[in-house]
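# Descriptive structure summary
As a plain string of letters, each chain reads:
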Amino acid sequence: MSDGPRVRAMAAADLDAVSRLAGFLVRLHHAFDPQRFLHLRSPESGYARYFASVLDDPEVVLLVAEDDGGAVVGYAYARLEPRSYDELREACGKLHDVYVDDRVRGRGLGEALVREAVARPAARGAPRVLLLTAVQNEQAQRLFARLGFRTTMLEMTRES
Ligand SMILES: CC(C)(COP(=O)(O)OP(=O)(O)OC[C@H]1O[C@@H](n2cnc3c(N)ncnc32)[C@H](O)[C@@H]1OP(=O)(O)O)[C@@H](O)C(=O)NCCC(=O)NCCS
């Protein structure tokens with residue numbers, strides 16, 4: 001019997017693989033709307049540095065998913081956020097990134113990553129987890145809705 005997708009805490013040795021996936025996430029969003037989303041020439045090095053700096057931060061959730069051979073093929077990044085008057089919300093968890101290598105999608109890795117990424121803030125007392133998702137990203141939205149996320153805000157952008 002299969003044990004199902006393996007999701008575990010990110011370690012320093014994962015940073016090369018994770019930052020490569022993060023680079024795909026950045027480019028995917030830039031392609032959705034080049035004016036709204038950042039264009040970074042090489043996002044990988046910045047992500048590797050940032051994730052390395054928060055690997056041991058208890059407010060940050062960094063997870064990886066492995067394929068059957070133990071290769072890192074997905075990651076998730078969430079963090080605990082304080083109450084925000086700007087956003088009119090209490091302290092919460094925020095799920096910032098989830099990415100699964102396109103060669104291994106549709107096998108439940110995304111679901112396993114999101115389930116764990118929302119369970120950890122909840123275990124630390126966060127009453128809820130929020131996320132933002134690009135309107136074009138219907139595949140991700142289906143996953144989030146299936147896992148209990150409801151639509152609560154709509155971001156609108158106008159060029160100056
Ligand atoms: C969104 C994303 C993380 C989902 O990852 P994934 O590993 O494919 O997710 P899952 O396998 O859990 O679910 C994907 C689909 O496979 C299906 N599935 C899951 N396990 C399955 C299995 N064992 N057999 C058949 N289908 C399965 C799910 O029902 C789901 O179907 P749906 O798209 O019709 O709802 C992935 O598509 C991705 O990385 N996209 C680019 C990055 C991105 O958009 N991130 C979110 C930014 S907000």
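A quick note: this is a predicted structure, and the numbers were derived from the prediction, not measured.

It is worth spelling out the overall build of the protein chain at this point. The number of helices and strands found in the protein chain is 4 helices and 5 strands. Ordered by position from N to C terminus, the α and β elements of the protein chain give β-α-α-β-β-β-α-β-α. On C-alpha atoms alone, the protein chain measures out to a radius of gyration of 16 Å, which is about the 15 Å that the 2.2 N^0.38 rule sets for 160 residues. Relative to all contacts within the protein chain whose residues are 6 or more apart in sequence, the contacts with residues 24 or more apart total 59%.

This paragraph deals with the site of the ligand. The ligand sits among 21 residues. The nearest are V98, V100, G108, G110 and N137. Take R142: an N or O atom from its side chain is 3.1 Å from an oxygen atom of the ligand. In isolation the ligand exposes 950 Å². Once the protein is present, 73% of that is buried. Among the elements of the structure, α1 (15-32), β4 (92-100), α3 (109-123) and α4 (138-146) are those that each provide at least two residues to the shell around the ligand. Counting residues per element, the shell around the ligand draws most heavily on α4, at 6 residues. Across the shell around the ligand, the residue classes tally to 10 nonpolar, 6 polar and 5 charged.

This next bit is on the side chain of K94. Within the secondary structure layout, K94 lies in strand β4. At 2.8 Å, the side chain of K94 forms a polar contact with the side chain of E87. Contact partners of K94, with chain neighbours within four places excluded, come to Y77, A78, R79, E81, E87, R89, V129 and L130.

A word on the environment of H29. Structurally, H29 is set in helix α1. By relative accessible area, which is 17% here, H29 ends up buried. Spatially, the C-alpha atom of H29 lies 9.6 Å from that of T133, the residues being 104 residues apart in sequence.

Most of strand β2 (residues 60-66) sits out of view: 7 of its 7 residues are buried. The alternating pattern of β2 places V60, L62, V64 and E66 and V61, L63 and A65 on opposite faces, both of which are buried. Direction of pairing for strand β1 (residues 6-9) relative to β2: antiparallel, over a ladder of 4 bridges. Each residue of the ladder has a partner; that of R6, found in β2, is E66. Direction of pairing for β2 relative to strand β3 (residues 72-81): antiparallel, over a ladder of 7 bridges. For L62, the partnering residue across the bridge sits in β3 and is Y77. Where β2 hands over to β3, the hairpin turn is made up of 5 residues, of which G70 adopts a positive phi near 90°.

Once that is clear, we can look at the pattern of salt bridges. Applying the stated rule across the entire model yields 13 salt bridges. Salt-bridge contacts for E155 lead to R36; the nearest nitrogen and oxygen are separated by 2.7 Å. Taken together, the positions of E155 in the segment after α4 and R36 in the loop between α1 and α2 (43-54) put the pair 119 residues apart, joining distant regions of the chain. The partner of D57 in a salt bridge is R79, with the nearest N and O atoms 3.9 Å apart. Taken together, the positions of D57 in the loop between α2 and β2 and R79 in strand β3 put the pair 22 residues apart, joining distant regions of the chain. D57 gets classed as partly exposed once you look at its relative accessible area, which sits at 24%.

What counts, and at which threshold
- Residues numbered from 1 in each chain as written.
- Predicted model: local features only at pLDDT ≥ 70, side-chain atom pairs only at ≥ 80, totals over all residues.
- Heavy atoms only, no water.
- Helix = DSSP H or I, 4+ residues; strand = E, 2+ residues; numbered from the N terminus.
- Rg over C-alpha atoms; globule rule 2.2 N^0.38 Å.
- Contact = heavy atoms within 4.5 Å.
- Near = heavy atom within 4 Å.
- Polar contact = N/O pair within 3.5 Å; in protein donor to acceptor, adjacent residues only side chain to side chain.
- Areas by Shrake-Rupley, 256 points an atom, 1.4 Å probe, with all protein chains shown as cover.
- Nonpolar A, V, L, I, M, F, W, Y, C, P; charged D, E, K, R; others polar.
- Buried < 20%, exposed > 50% of the residue type's maximum accessible area, 1.4 Å probe, protein only.
- Pairing = 2+ DSSP bridges.
- Salt bridge = Lys/Arg side-chain N within 4 Å of Asp/Glu carboxyl O.

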